[in-house]
Amino acid sequence: MRRRQRAGSVPGTLASALALSIALSSISGSGRAAPPASNVPDSVTRRSGLTLAPMPRAAQLYATNCQGCHGELGSSAAEMPTLAGRVGYFTRIPEGRRYLVQVPNVALNANSDADIAAVLNWLLATYSRAQLPPDFKPYTASEVGELRQARIDVAATRRRVIDALVAAGQVPSADALALPHIVLY
Amino acid sequence: MTPISSTRFDRLIEAFTRGAAQRSSRRGFLSQCGLWLIAASALPLLPVARRAQAGEQPAGKPVRKFASAFANLAQTSDSTRCNYWRYCASDGYLCACCGGGPNTCPPGTSPSPTSWIGSCINPDDGKTYLIAYRDCCGQDSCGRCLCLGQEGDMPSYRPQVNNDIVWCFGASSMVYHCSSAGLVGLAE
């Protein structure tokens, strides 16, 4: 008896299910239309209300070539040499200025000489402006192109450059550019 | 040849086995068997299996809207699938499938201070975004949702632009758990 009653109300159930599905689809439809189409990469950032300004080209070069290890703010894990508040010291003597271009990941980078010059000038001004010499001249593409031909012994060259900086009185203390001692696991 | 079996069922089996013994050679069987073994092991190498991992093909003609093959098949809503737009260069287990999110580490693991940075096209607005692939470290491999995005990936003799290596440098542990994909910024 009960069963028969239910069977009798099937068209009613169908109608209400249809109404519900129409209501649901209109809700989800309006939800999809609400956020603006640009600057909303996905559901995660849409919820955050974040709007993104395009990164300047030099910052983008830094992000894709350097930031992974050296960090967004120019410092990262102890294994990676800190740029922030330090890297500018190297430009105070010619050998140090050469060293920054001849470091293997700069010299062997796949980008053009002009891009490498741009990213070097950008990171020096962004992370270490206070350490630049008063007469600092930005790197040029031709200078980078010439300097990056050389292949150096990084550790030995770095030691030599830092000794020269200390001897010339260009760094506040002998260990201003020292790398932390890393204890391996 | 007269069958030696007495019952009808036995005779039937005997006829079948004698027939099989007379018609087929052992070498033929071995070669067939070897052929099937090779065919079965080669099947997963066919492009069909890779297409299934890259995500479903939309109905009709394949869309070729963007320069990136990944972006043409990408979606922006489900971060637990390999074709989520940010995973164009993600190589490893998705943190979103391991108790974390697309840019958060699962409990018990910590994000590495270093990351591999790539760029992916968002199919919704067609713009390129920089993505930091940051490994979550400190627990054994998660093992869920293995994705092998290859955009911008270089061979491992260029390790700074290779995503096969574990990027747990500087983390408290070098044990790899999963890969997250955080948004760094909008490219020009």
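Provided above is the structure to which this section pertains.
Our subject in this report is the structure included herewith.

Reading the values: the criteria
- Residues numbered from 1 in each chain as written.
- Chains lettered and ligands numbered in written order.
- Predicted model: local features only at pLDDT ≥ 70, side-chain atom pairs only at ≥ 80, totals over all residues.
- Heavy atoms only, no water.
- Helix = DSSP H or I, 4+ residues; strand = E, 2+ residues; numbered from the N terminus.
- Buried < 20%, exposed > 50% of the residue type's maximum accessible area, 1.4 Å probe, protein only.
- Contact = heavy atoms within 4.5 Å.
- Areas by Shrake-Rupley, 256 points an atom, 1.4 Å probe, with all protein chains shown as cover.
- Pairing = 2+ DSSP bridges.
- Buried area = accessible area lost by both parts, 1.4 Å probe.
- Salt bridge = Lys/Arg side-chain N within 4 Å of Asp/Glu carboxyl O.
- Polar contact = N/O pair within 3.5 Å; in protein donor to acceptor, adjacent residues only side chain to side chain.
- Nonpolar A, V, L, I, M, F, W, Y, C, P; charged D, E, K, R; others polar.
- Core = buried A, V, L, I, M, F, W, Y, C linked by side-chain atoms within 4.5 Å.
- Patch = residues over 30% accessible without salt bridge, like charges linked within 9 Å, V, L, I, M, F, W, Y side chains within 5 Å.

So, the overall build of chain A
Argument step 1. For chain A, the helix and strand inventory stands at nine helices and zero strands.
Argument step 2. Along chain A, from the amino end to the carboxyl end, the secondary structure elements read α-α-α-α-α-α-α-α-α.
Argument step 3. Each of the 185 residues in chain A was classed as buried or not, and the buried ones make up 35%.
Argument step 4. Taking the contacts inside chain A whose residues are at least 6 apart along the sequence as the reference set, 70% of them involve residues at least 24 apart.
Argument step 5. Of the accessible surface of chain A, which amounts to about 11200 Å², a share of 60% is contributed by carbon and sulfur atoms.

What to know about the environment of R98 of chain A
Argument step 1. Tracing the chain through its elements places R98 of chain A in helix α5 (residues 94–102).
Argument step 2. Sequence separation of R98 of chain A and V144 of chain A is 46 residues, and the distance between their C-alpha atoms is 8.6 Å.

Examining the pairing of strand β3 (residues 116–121) of chain B
Residue and element names in this part refer to chain B.
Argument step 1. Counting buried residues in β3 gives five out of six residues, a clear majority hidden from the surface.
Argument step 2. Sheet topology places β3 next to strand β4 (residues 128–137); six bridges connect them, and they run antiparallel. Across the sheet, residue I117 finds its bridge partner in β4, namely A132.
Argument step 3. Between β3 and β4, which follow one another and run antiparallel, lie six residues, and G126 among them has a positive phi close to 70°.

Here we look at the interface of chain A and chain B
Argument step 1. Chain A puts 31 residues into the contact, and the matching count from chain B is 32 residues.
Argument step 2. Buried area between chain A and chain B, summed over both chains or domains, comes out near 2300 Å², and the portion from carbon and sulfur atoms is 56%.
Argument step 3. Here chain A and chain B share zero salt bridges between them.
Argument step 4. Inspection of the chain A/chain B interface yields four residue pairs in polar contact (both at pLDDT 80 or more).
Argument step 5. Elements represented by at least two residues in the side of chain A that touches chain B include exactly α3 (43–48) and α4 (57–70) of chain A.
Argument step 6. When its residues are assigned to classes, the side of chain A that touches chain B shows 16 nonpolar, eleven polar and four charged.

Focus: the side chain of S180 of chain B
Argument step 1. Structurally, the position occupied by S180 of chain B is in strand β6 (residues 176–186).
Argument step 2. Not counting the four nearest positions on each side in its chain, S180 of chain B is found in contact with C95, P102, N103, T104, A132, Y133 and R134 of chain B.

Here's the deal with the pattern of salt bridges
Residue and element names in this part refer to chain A.
Argument step 1. One pass over the full model with this rule turns up five salt bridges over all chains.
Argument step 2. R57 is paired through a salt bridge with D115; the nearest N and O atoms lie 2.7 Å apart. Taken together, the residues span a long stretch of sequence, with R57 in helix α4 and D115 in helix α7 (residues 113–127) at a distance of 58 residues.
Argument step 3. With relative accessibility at 15%, the residue D115 sits in the buried group.
Argument step 4. Here R160 and E95 are joined by a salt bridge, their closest N and O atoms 3.1 Å apart. Here the residue R160 occupies a position in helix α9 (residues 154–167), and E95 occupies one in helix α5, the gap between them amounting to 65 residues.
Argument step 5. A relative accessible area of 45% places R160 in the partly exposed class.

Observations regarding the nonpolar core
Argument step 1. Among the nonpolar cores identified, the biggest contains 30 residues, and F90, L120 and Y139 of chain A are the most heavily contacted of them.
Argument step 2. For this core, the secondary structure elements donating two or more residues are α4, α5, α7, α8 (141–147) and α9 of chain A.
Argument step 3. For L120 of chain A, the contacting residues outside a window of four places in its chain are L100, V101, V106, Y139 and V144 of chain A.
Argument step 4. A74, A89, A96 and Y129 of chain B belong to the second-largest nonpolar core, a separate cluster that totals 21 residues.

Quick word on a nonpolar patch on the surface
All names here are of chain B.
Argument step 1. Among the surface-exposed residues, F9, L12 and I13 lie close enough to one another that they form a single nonpolar patch of about 340 Å² accessible area.
Argument step 2. Within the element layout of this structure, F9 appears in helix α1 (residues 8–23).
Argument step 3. Taking the relative accessible area as the measure of exposure, F9 reaches 60% and is therefore exposed.

Shape descriptors only; they carry no functional weight alone.
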